[in-house]
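Notes for the structure review
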Amino acid sequence: MKKTGIKISACMMVKNEEEMLPRCLNSIKHLIDELIVVDTGSTDKTVEIAESFGAKIYHHPWENNFSKHRNQSLSYATGDWILLIDADEELNAYQLQKNEFKALLAKAPKELNCYLIKVLDKNRQGGVTSATESIRIFRNRVGIKYVGIVHNRLSYSGKAGHLKLELFHYGYALSDEQMQAKYRRTSGLLFKRIEQDPDDVDAYFYLFQVHSEMDEKEKAIQYANRCLELIAQKGIRALEASFYYSLYYGMASAHLKLSQYDQAEAAVRKGLEVLPDEVDLYYELAAVGYFSGRLDLCVEGGQNYFRVVDEFRNDSTRAGTRFVFTTSKSAETTVYFWLMTGLISMDAFDRFLAVWENGKDRLLDKPGFQKELFTALEQKQAFEPLEPVASFLLNHLEKIHPGNHNMVLSFLLFYLKEKAIHENDGDKTSKGMFEAVAGRYLDTMDSYQSIPTEDAVILADFLLNKNLGKFFLELTLVLFERELSPFVQVIESNETIIRGYKKISEKQIKDRKGTLISFLCLDICKHLSGVQAASVKETGGEEAADPAGVIPDEKLISGQYRPGFGRIEPVAGNEPVKPPVLKKNKVPPVSIGLPVFNGGKDLTKAIDSILNQDFEDFELIISDNCSTDGTEDICRRYADQDSRITYTRWDSNQGIITNFQNVLGLARSKFFIFAQHDNTFYPEFLSACLKEYEADGDESYAIVFPQVKLIHRDGRTQLYKDPINAIQDSPVERYLHVLKNLDLTIPVLGMMRTKAMKTNKMFYLSQVHPNYNTLYGDHCVMTYMALRGKIKRIDQVLLNRKSSDYKYASSMEERTVKLINAIDRDAINEGITLYYTKIIQNQISVITYASISFSEKEFLIKETVSFLKSRFKAQMLQEIKRAVELVKKGLFFTTWAGQSLPEKTLDELPEFKRFYVATLSRELENALLVFPELTELRDALKVCRQQIQV
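The notes below deal with the structure included here. Remember, it's a predicted structure, so these values are computed and weren't measured experimentally.

Describing the pattern of salt bridges
All told, the structure shown has 35 salt bridges when counted by the stated rule. The residue R136 makes a salt bridge to E89 at a minimum N-O spacing of 2.7 Å. Residue R136 is found in strand β7 (residues 128–139), and its partner E89 is found in strand β5 (residues 89–91); the two are separated by 47 residues along the sequence. Residues R136 and E89 agree in their burial class; the two are buried. Notably, a salt bridge pairs E858 with K862, separated by 3.8 Å at the nearest N-O pair. With a gap of four residues between them, E858 and K862 both fall in helix α32 (residues 854–888), about one helical turn apart. One continuous salt-bridge network, built from bridges that share partners, spans K329, D624, E632, R636 and R649.

Below, the structure written as structure tokens:
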């Protein structure tokens, strides 16, 4: 491509932006010829970072005027075109070459002075919260400048074009504390603008935005109304004011959150009068309809929403400079659901199915939406439209939430049975489909007790007609005990069974489903009426003649028996059906849980290593914590290819702890393993661990784990000899062995008994206990497991563990300090917090929950306090000293990061103040138990208690 003589300057103003600036500058460095940076008083490494990118730095003291400093940066630019960007933004143009970019600008008509590009606001989870078009690329020296002291906007002449570029804005992806500081600063400057000009439209618009972000709904509505009044008074034309009309969406959203449905609809209607094709307003109209129960509005809003979204996609210039909040994948999925709900309410089932076809793939990871649509269709007795919905979900059963499996199978069990009865005898299609579903249904049930009555009748008829009389009797016993007790307590003969099913038939409601159940009850009675009587008692203590005469010599077993049918193929003609080979446990012996977030880089190797195990009977559960890279595509591709894989995905980032808990919660097997996206298993990992469990005759092992090979960031490998081998018979000895020797917590990655881990209180404590220290959490989990059973080490390397930031030479204390310092301060911001003291308290919780004697607990508590106090004494004393000094100064309401909470907030929340100091008092009390000799600690505790009384 021919080079052009165009020079491009990037301009920006900064102050203390060391955290976000590198990402910003990396995104533009390949496109620009000159970088102009106006620094307004940075005290961190901002200037140093900018200089490393070759920036020309100009220093100006901050004057509370964004436009002034932006214009200063423009004045230094020598390029023909200027790219304006902020430090908290990132240009998504890594694939664009500089010569291509210059060629685009060289083709600009003379009358075109600037370009709009799409700006996408992102939250802390990486999700897009809003989108708008903003002028960020413009000609130099044509009189373009910024106006307004805050939330300034560009004043320009000439025409504006559109470039297909995206700019990610992370200004709202801040901690709560940072956002509060930003809002206070912004609102202060906005009020200053209003003092200078009481009719400043922009100032009221941005005040509305600030209070919307702060979730102060009433104030947001107040400022929105004032802004709209000024627009009307000044006669600003609708198209010129399109930028401001997110006000109507914001007002509608605020009214909706306040359950003010009429006001919300009124705001939507008023906005649509001004801009008829406002996509956000149609979204909000559908939302108002759903939450107010006026489902006709769901249809009106939903249909228009998709019409406008399609138009915007075909012509991106139609959006202008307005904000767009509701075109994300998640928002569209929600509108699909609202629209389908509305169509069901209107009995518009043909239109419902058309929308379902367009949106069904999006609903696979929305169990709540699936359940609600199912319920709505069943209440309407709309079984024909429900059948394609159920069939689609059945074909993707491994991808939907396990809680909805029974819902899908239960409906198809009824629908296909009904259809098979009414079909021509020559057509075996529905019969074959029904038998397949029945087999799969039975395969998912843990016990007969979990089968609802209607399903139990259908399955009982199925079992009887398949000559599986033994299982028919088991299911019937459970059914009668639940439905007919105390009227039928013993099954003495077929006559007892017949009377029981007749009673169940009489209890049915005469709707479509009840009619089928009643028919099947009578069909069972007809089937048994001419068969030799049985002498089966409920206890199963006597031998039973099978009612169908096929399995006469088997003893009746408990209704807890899990049938475990596989797929049953239809049989032609009247050929008798042989019982299938029954597996006593169709659940695989091993569940592997793989929690992942943005693991696309290494994930393929990890999954391949699992699938290539020489022991193949396992299930792999992948829980995707709303990844934003290629993780989802990788997981879905593997899940489509291998039926052993279950893939689930969160709608939003739930945090690492919840994601780990999710894979364990979904596990069904006897044994469980935590996998990680950047670790790889040796092929014999599973078989070697299972071999140890097979040799464990008294089932004393809680965990079996192998040795590992550590892979460092620079590619070096290192064998790590784990010191843990807690195979002592005494739980007290095992606990102390793990407490004193656990380092890299490799046992967490071994094969554990699922039941023991699911009942491990320390694993779930972090989600419910505000003072649980997750930095030491794995140690608590492992000491708890040591009290439950033996932790057996295999002296064989079977796992590669990627360890990019692990230094083998560093001590556990050093790594713990590093972890504390690396964690986002707001993630652990609980005020004046004594983290090392909490380690002791959490270990005491482990002992408290243990099933050991009181004397053993007393002994372990003494040993634990003594050991941990010795290990972390320096750190504990340091943080206690800091806390005591703050309390002496009266700085009770100080964050872990050393920042004081705002006095105004504290004065308005007296109960919060009392709770805050009470929490601090408890921490000081805990520290005093460990260091009773510290009189200054005792004095600080007295001050806290006095403050509580105040």
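Having seen it, we continue.
Things to note about helix α14 (residues 367–379)
The end-to-end C-alpha distance of α14 is 18 Å, a good match for the 18 Å that 13 residues give at a rise of 1.5 Å each. Inspection of α14 places F369, Q370, L373, F374 and L377 among the buried residues, and these make up the whole buried set. In a view along the axis of α14, the buried residues occupy a sector of 130°, so they form one face of it. For α14, the elements touching its buried residues are α12 (329–345), α13 (349–359), α15 (383–395) and α16 (405–422). Positive backbone phi, approximately 55°, marks Q381, located one or two places after α14.

Thoughts on the environment of S345
Position of S345 among the secondary structure elements: in helix α12. Residues S345 and L295, spaced 50 residues apart in sequence, show a C-alpha to C-alpha distance of 6.8 Å.

Thoughts on the packing of aromatic side chains
According to the stated counting rule, one finds 28 aromatic pairs in the structure shown. Joined through ring pairs, the aromatic side chains of Y283, Y290, F291, Y305, F306, Y336, F337, W338 and F369 make up one cluster. The cationic tip of R23 hangs over the ring face of Y170; the distance from NZ or CZ to the ring centre is 3.6 Å. The positively charged end of K122 is found above the aromatic ring belonging to F168, 4.1 Å away from the centroid.

Things to note about the pairing of strand β13 (residues 618–624)
The buried fraction of β13 is high, at seven of seven residues. The alternating pattern of β13 places F618, L620, I622 and D624 and E619, I621 and S623 on opposite faces, both of which are buried. As defined by bridge partners, strand β12 (residues 590–596) adjoins β13 across seven bridges and the pair is classed as parallel. What sits directly across from G593, in β13, is I621. Between β12 and its parallel partner β13, the chain crosses via helix α22 (residues 600–611), and the hand of that crossover is right-handed. Sheet topology note: the β13/strand β14 (residues 645–649) ladder contains five bridges and is parallel. Paired with D624 across the strands is R649, a residue of β14.

Quick look at the environment of F472
Relative to the elements of secondary structure, F472 occurs in helix α19 (residues 469–483). A relative accessible area of 0% means that F472 is categorised as buried.

A word on the side chain of N679
With respect to the element layout, N679 can be found in the loop between β15 (671–674) and β16 (680–681). You can call N679 buried: its relative accessible area is 3%. Looking at N679, its side chain comes within polar contact range of the side chain of Q676, at 2.8 Å. Those residues in contact with N679, other than ones at most four positions away along the chain, are A606, S609, L749, L799, N800, R801 and K802.

Here's the deal with the pairing of β7
In terms of residue burial, β7 counts as a mostly covered element, since nine of its twelve residues are buried. Of the strand pairs in this sheet, strand β4 (residues 81–84) and β7 are connected by three bridges, and their pairing is antiparallel. Looking at the pairing, L83 lines up with I137 of β7. Across nine bridges, strand β6 (residues 112–122) lies against β7 in antiparallel orientation. Bridging across to β7, C114 finds its partner in F138.

Conventions and cut-offs
Residues numbered from 1 in each chain as written. Predicted model: local features only at pLDDT ≥ 70, side-chain atom pairs only at ≥ 80, totals over all residues. Heavy atoms only, no water. Salt bridge = Lys/Arg side-chain N within 4 Å of Asp/Glu carboxyl O. Helix = DSSP H or I, 4+ residues; strand = E, 2+ residues; numbered from the N terminus. Buried < 20%, exposed > 50% of the residue type's maximum accessible area, 1.4 Å probe, protein only. Expected span 1.5 Å × (residues − 1). Arc of directions from axis to C-beta. Contact = heavy atoms within 4.5 Å. Phe/Tyr/Trp six-rings, centres within 6.5 Å; stacked < 30°, edge-to-face > 60°. Lys NZ or Arg CZ within 6 Å of the ring centre and 35° of its normal. Pairing = 2+ DSSP bridges. Right-handed = clockwise from strand over helix to strand, strands pointing away. Polar contact = N/O pair within 3.5 Å; in protein donor to acceptor, adjacent residues only side chain to side chain.

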